[in-house]
Amino acid sequence: STVRNTQYAIERLSSVGAKLKFAGRLFGEFVVDLPKNAAEVQTRLLDEGILAGLPLGEFYAGMENCLLVAVTETRSKAQIDDFAEKLGRQLLKNP
């Protein structure tokens, strides 16, 4: 389900260095705060075949490291794991 996949994605992305930006009930979409510029991370992940989400810095001042992520019931745990693994590698890379 979308709810289960959302919770699983939050757990996995948090385990590799992303932090949930806003607390509360979530359904399908959530914002993570990254230790790097979200637009740069998104571009690098796109090169690896991952559409990571929407960088929010161009829309909201002070949110340059924030990424809006959407997860639905159509995503498998393997796809979420792949996203998390690749995100983790990007977060570990030097600029």
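The structure this text deals with has already been given above.
Per chain, the residues get numbers from 1 upward, laid out in the order the sequence is written. Per-residue local features are limited, in this predicted model, to residues with pLDDT of at least 70; the limit for side-chain atom pairs, both in listing and counting, is 80 or more; totals at the level of whole chains, interfaces and linings are taken over all residues. To get the side-chain values, take all heavy atoms of the structure and skip hydrogens and water.

Points about the pairing of strand E4 (residues 66–70)
Item 1. Only strands joined by at least two bridges in the DSSP assignment are considered to pair. For helices the rule is a DSSP run of H or I covering at least 4 residues; for strands it is a run of E covering at least 2, with both sets numbered from the N terminus onward. Here 5 bridges tie strand E2 (residues 29–33) to E4, and the two strands are oriented antiparallel to one another. Each residue of the ladder has a partner; that of Glu29, found in E4, is Ala70.

Topic: the side chain of Gln90
Item 1. Relative to the helices and strands, Gln90 is located in helix H3 (residues 77–92).
Item 2. Residues are treated as being in contact if the distance between any of their heavy atoms lies within 4.5 Å. Excluding its chain neighbours within four sequence positions, the residues that come into contact with Gln90 are Lys36, Val41, Arg44, Leu45 and Glu48.

Description of the pattern of salt bridges
Item 1. A side-chain nitrogen of Lys or Arg and a carboxyl oxygen of Asp or Glu constitute a salt bridge if their distance falls within 4 Å. Tallying each qualifying case throughout the model produces 5 salt bridges.
Item 2. Between Lys86 and Asp82 there is a salt bridge whose closest N-O contact spans 3.3 Å. One end of the pair, Lys86, and the other, Asp82, are both in helix H3, 4 residues apart, so they sit about a helical turn from each other.
Item 3. Burial classes: relative accessible area under 20% of the type maximum marks a residue as buried, over 50% as exposed, and values in between as partly exposed (1.4 Å probe, protein chains only). Take Asp82: its relative accessible area is 29%, and that puts it in the partly exposed class.
Item 4. A salt bridge links Arg89 to Glu85, with the shortest nitrogen-to-oxygen separation between them at 2.9 Å. Pair noted here: Arg89 and Glu85 are both in helix H3, with a separation of 4 residues, about one helical turn.
Item 5. What makes Arg89 partly exposed here is its relative accessible area of 37%.
Item 6. Judged by its relative accessible area of 46%, Glu85 is partly exposed.

Concerning the pairing of E2
Item 1. As defined by bridge partners, strand E1 (residues 19–20) adjoins E2 across 2 bridges and the pair is classed as antiparallel. Looking across to E2, one finds that Lys19 is bridged to Asp33.

Quick look at the sheet that holds strand E3 (residues 54–55)
Item 1. Strands sit in the order E1-E2-E4-E3 across an open sheet of 4 strands; the sheet is antiparallel. Each of the sheet's edge strands pairs with one partner strand only, and the pair in question is E1 and E3.

Examining the packing of aromatic side chains
Item 1. Aromatic rings from Phe, Tyr and Trp, with only the six-membered ring used for Trp, were paired whenever their centres fell within 6.5 Å, and each pair was classed as stacked if the ring planes differed by under 30 degrees, edge-to-face if by over 60, and tilted otherwise. Under the defined criterion, the tally for this structure stands at 0 aromatic pairs.
Item 2. The ring centre of Tyr8 lies 4.9 Å from the NZ or CZ of Lys77, which sits over that ring. Whether a charge sits over a ring depends on NZ of Lys or CZ of Arg being within 6 Å of the ring centre and within 35 degrees of the ring normal.

Re the nonpolar core
Item 1. Take the buried residues of types Ala, Val, Leu, Ile, Met, Phe, Trp, Tyr and Cys, join any two whose side-chain atoms come within 4.5 Å, and each joined set is a nonpolar core. One finds Leu13, Phe30, Leu34, Val69, Phe83 and Leu87 to be the most contacted residues of the largest nonpolar core, which totals 21 residues.
Item 2. Mapped by element, the contributors of at least two residues to this core are helix H1 (2–15), E2, helix H2 (38–47), E4 and H3.
Item 3. Looking at this core element by element, the count peaks at 5 residues for H3.
Item 4. The residues touching Phe83, leaving out its near neighbours within four places in the chain, are Leu13, Leu45, Ile50, Ala52 and Val69.

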